[in-house]
There are 2 protein chains.
Amino acid sequence: MIRDLPSLNALRTFEAAARLESATRAAAELNVTHGAVSRQIRVLEAELGTTLFTHEGRGLALTAAGRRLRDVASSALDQLRDGCARLRHDIETAPFVLGCSGSVLARWMIPRLERMGRELPGVKLNLSVIEHAPANGMPGLDAMLLLAEPPWPAAWQVHVLAPERIAPVFSPRHPRSAALRKANLAALVKEPLLHTTSRPQAWPAWARAQRVAVARLQFGQAFEHLYYMLEAAVAGLGVAIAPEPLVADDIAAGRLLAPWAFRATRASWVLCAPKSSGDPRIATLGHWLQQQLALP
Amino acid sequence: MIRDLPSLNALRTFEAAARLESATRAAAELNVTHGAVSRQIRVLEAELGTTLFTHEGRGLALTAAGRRLRDVASSALDQLRDGCARLRHDIETAPFVLGCSGSVLARWMIPRLERMGRELPGVKLNLSVIEHAPANGMPGLDAMLLLAEPPWPAAWQVHVLAPERIAPVFSPRHPRSAALRKANLAALVKEPLLHTTSRPQAWPAWARAQRVAVARLQFGQAFEHLYYMLEAAVAGLGVAIAPEPLVADDIAAGRLLAPWAFRATRASWVLCAPKSSGDPRIATLGHWLQQQLALP
DNA sequence: ATGGACGTGTGAGATTTCCTGACAGGTCGT
DNA sequence: ACGACCTGTCAGGAAATCTCACACGTCCAT
């Protein structure tokens, strides 16, 4: 099925010249010189083996063949212009739906939304809370920001943004904060530890990595989400363990203390999207998130 | 009204790649390498700010945006292909309608039609007899081959092919041919001269130019057309006066004698067409006719 | 009628675009 | 695991395209 088209650039030039009935005005519209227009029309005439314009006084006039070609070309090019404009518009204005947990949303994304709007003006972000990553597909989502361990589902394209780093945190208002601030890590075994039902392995895994006796850990209040646990920690109700970015602002403001170093876990902050997506904003967003997560 | 289109070459490349779902096959169709296809698709993606293809195994798969663009592009390009093919076909197969007098047709065009078909294979010639040039417009004609004097109508584009050259001719079968063959021009005043009703001035004008006494010319048989007059001359019925190309074959074959030199008149062989035509075959045909008329 | 404004056609040279040809890397089937 | 197959990418060169300048014809005002 080999059918050939004339030079499309020549055709576009011709369409403008035919519509404006002037090589000079067509040149202005196409941001070229009139010589280029004249030449392109010559090319098209040679390809079709006919004359498209005749001279009418000091201007141009279409021949019969020229009129026919103009009708065909203007219709097709208008269709193309319209379709491309529509597509462009949709691409530019379509919001990017990012899913993340409520805790990440409230404690990390929301404080950074204003800066993001400034630094990524092209991306209209819609945020959607996803507490549990869907098994397959991402209904209504363009991407998800997750804390997760490999392996990743094969259907995802995963951008690893930063390793997860966690540490115990507590409030200056904590009854034993003065003592804890200078205490050895081992002192934590005496504290009732705030924890979440969604990640029961957080404390034990951390303790193992820090050579703290896992068996002697005492669990205190449990929360459904990290967000509530951290609110409890800020309120001085106990020692929590949390990813650094979610508590960095509180530490900087003095609402939380973290006397022990943050340590990497096996999990990472990842931005994941369906493999078939191909949305270029994923890379843009991933790059920006990576920068933000790397800040002190 | 400035609306911009993406690169049309990139769009054509994309359309082929989307239709064939393969950069390699698109490259084969477009007679380029797959690298060129890949690059053009990249250009288009950059212009639209989106991804059009994703990788599907070792092949390509369209994204949602790609599918939309394919629908738009294939429809528009198909329309363009169809319109251009139709136009091309009409241009190539449209016969060129040439008008000329019956005399020129019978004594000059018809003997040359075979050679013309060989030397101008692209031109399908239709011949139409026009005894009197129409005042304005050329109904049903693409051009006319005429013997005519300036000035030309302003609405015509006129290609002057050759000056008209005429001379008296007679047959070897003419009763006084032996005497005429060696006679002085002045001897013609004694002959009853064959002439046409359509150009009664032919003999007087020629005689004036040759310093022969016009008043003493004797007119013999009159014919409606040059063609019949020349047939009469060939039959030995008298002395006719004729344009060189129309009798050259007869002279070469010995059917007519022309002992006196051919002289230019004020008329010319011209190919004329409407000024608005712009048909490139006019120039082709004019060139060929000019060559043929210049032959000995 | 004459000069100037306007519009188009054409040429040589410069510039941009485009293609090629080779290589790298990933996927599929055996 | 290997080869066949497909795509992405790069540097360099070929080709298309543009620009600039000038020539020429038309229209208008003086």
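Look above for the structure.
This one's a predicted model, so the numbers in the text were calculated from it and none came from an experiment.

What counts, and at which threshold
Residues numbered from 1 in each chain as written. Chains lettered and ligands numbered in written order. Predicted model: local features only at pLDDT ≥ 70, side-chain atom pairs only at ≥ 80, totals over all residues. Heavy atoms only, no water. Helix = DSSP H or I, 4+ residues; strand = E, 2+ residues; numbered from the N terminus. Rg over C-alpha atoms; globule rule 2.2 N^0.38 Å. Buried < 20%, exposed > 50% of the residue type's maximum accessible area, 1.4 Å probe, protein only. Contact = heavy atoms within 4.5 Å. Areas by Shrake-Rupley, 256 points an atom, 1.4 Å probe, with all protein chains shown as cover. Lys, Arg positive; Asp, Glu negative; His and termini not counted. Charge placed at Lys NZ, Arg CZ, Asp CG, Glu CD. Axes fitted to C-alpha atoms, helices over the stretch in contact; angles between N-to-C directions. Parallel < 35°, antiparallel > 145°, perpendicular 65-115°, else oblique. Nonpolar A, V, L, I, M, F, W, Y, C, P; charged D, E, K, R; others polar. Buried area = accessible area lost by both parts, 1.4 Å probe. Salt bridge = Lys/Arg side-chain N within 4 Å of Asp/Glu carboxyl O. Polar contact = N/O pair within 3.5 Å; in protein donor to acceptor, adjacent residues only side chain to side chain. Least-squares fit on C-alpha atoms with pLDDT ≥ 70 in both. 1 Å grid on protein atoms, 1.4 Å probe; cavity = no way out; pocket = protein on both sides within 12 Å on 5 of 7 lines; lining within 4 Å. Points joined across faces, edges and corners; volume = space filled by probe spheres on them. Pairing = 2+ DSSP bridges. Right-handed = clockwise from strand over helix to strand, strands pointing away. Near = heavy atom within 4 Å.

**Considerations on the overall build of chain A**
When you go through chain A residue by residue, the secondary structure sums to ten helices and ten strands. At 31 Å, chain A has a C-alpha radius of gyration far larger than the 19 Å of a compact globule built from 296 residues. Counting across all 296 residues of chain A, residues that qualify as buried make up 46%. Counted over contacts in chain A with a minimum sequence separation of 6, partners at least 24 positions apart contribute 72%. Counting every atom, chain A has about 14,800 Å² of accessible surface; 53% of that belongs to carbon and sulfur. Side-chain charges of chain A comprise 33 positive and 25 negative groups, with the mean position of each set lying 9 Å from the other.

**Comments concerning the packing of helix α5 (residues 102-119) of chain A against helix α8 (residues 226-234) of chain A**
Geometrically, a packed helix pair is captured by the angle between its two axes and the distance between the axes. Residues and elements named next belong to chain A. Across the interface, α5 lies against α8 with an axial gap of 7 Å and an inter-helix angle of 50 degrees. With respect to each other, α5 and α8 are oriented oblique. Together, S103, A106 and R107 of α5 and L226, Y227, L230, E231 and V234 of α8 make up the contact between the two elements. Counted by class, the contact of α5 with α8 contains five nonpolar, one polar and two charged residues.

**Describing the interface of chain B and chain A**
Opposite the 42 residues of chain B that make contact, chain A presents 42 residues. Between chain B and chain A, a total of about 4,000 Å² is buried, with carbon and sulfur atoms accounting for 62% of that surface. There are two salt bridges connecting chain B and chain A. For the salt bridge of R68 of chain A with D90 of chain B, the shortest nitrogen-to-oxygen distance reads 2.7 Å. In this assembly, chain B and chain A are joined by four residue pairs in polar contact (both at pLDDT 80 or more). Counting residues per element, the ones that place at least two in the side of chain B that touches chain A are α1 (8-20), α3 (34-48) and α4 (64-93) of chain B. Residue contributions to the side of chain B that touches chain A peak at 19 residues, all from α4 of chain B. Broken down by class, the residue content of the side of chain B that touches chain A amounts to 17 nonpolar, twelve polar and 13 charged.

**Quick look at the relation of the copies chain B and chain A**
For these two chains of identical sequence, chain B goes onto chain A by a turn of 180 degrees and a shift of 0.1 Å along the axis, with RMSD 0.2 Å. Considering both components of the superposition, the chain copies are consistent with a two-fold axis. Across chain B, the rotation axis passes nearest the C-alpha of A76 of chain B, at a separation of 2.4 Å. When the interface residues of chain B are mapped onto chain A, 100% of them again lie at the interface, so the same face is used by both copies.

**Side note on empty space enclosed by the protein**
All names here are of chain A. Summed over all chains, the structure comprises one cavity of 30 Å³ or more. Here the largest cavity is characterised by a volume of approximately 100 Å³. T196, R199, A202, L226 and I241 are, among the 14 residues lining the largest cavity, the residues nearest its centre. For the lining of the largest cavity, the secondary structure elements donating two or more residues are β6 (156-169), β7 (192-196), α7 (202-209), α8 and β9 (240-243). If one sorts the elements of the lining of the largest cavity by residue count, β7 sits on top with three residues. Each residue belonging to the lining of the largest cavity can be placed in one class, and the counts come to ten nonpolar, two polar and two charged.

**Considerations on the pairing of strand β4 (residues 125-129) of chain A**
Residues and elements named next belong to chain A. As defined by bridge partners, strand β3 (residues 96-100) adjoins β4 across five bridges and the pair is classed as parallel. Opposite C100, over in β4, you have V129 as the bridge partner. Regarding the hand of the β-α-β motif, the stretch spanning β3, α5 and β4 is right-handed.

**Quick notes on the protein's contact with DNA strand C**
Close to DNA strand C lie 20 residues; A23, T24, H34 and R39 of chain A together with T33 of chain B are nearest. For DNA strand C, the backbone portion of the atoms within 4 Å of the protein, that is sugar and phosphate, comes to 63%. Between a phosphate oxygen of DNA strand C and a main-chain N or O atom of A23 of chain A, the distance comes to 2.8 Å. Within the side chain of T24 of chain A, one N or O atom sits 2.4 Å away from a phosphate oxygen of DNA strand C. Among the elements of the structure, α2 (23-30) and α3 (34-48) of chain A together with α3 of chain B are those that each provide at least two residues to the surface near DNA strand C. By residue number, the principal contributor to the surface near DNA strand C is α3 of chain A, which donates five residues. Among the residues making up the surface near DNA strand C, the classes are represented as four nonpolar, twelve polar and four charged.

**Here we look at the protein's contact with DNA strand D**
In the region of DNA strand D, 21 residues are neighbours, and T33 of chain A together with A23, T24, R39 and R42 of chain B sit closest. What you see for DNA strand D is that sugar and phosphate hold 65% of its atoms within 4 Å of the protein. Take Q40 of chain A: an N or O atom from its side chain is 3.4 Å from a phosphate oxygen of DNA strand D. Of all elements in the fold, only α3 of chain A together with α2 (23-30) and α3 of chain B reach the threshold of two or more residues within the surface near DNA strand D. Of all the elements, α3 of chain B adds the most residues to the surface near DNA strand D, at five residues. Broken down by class, the residue content of the surface near DNA strand D amounts to four nonpolar, 13 polar and four charged.

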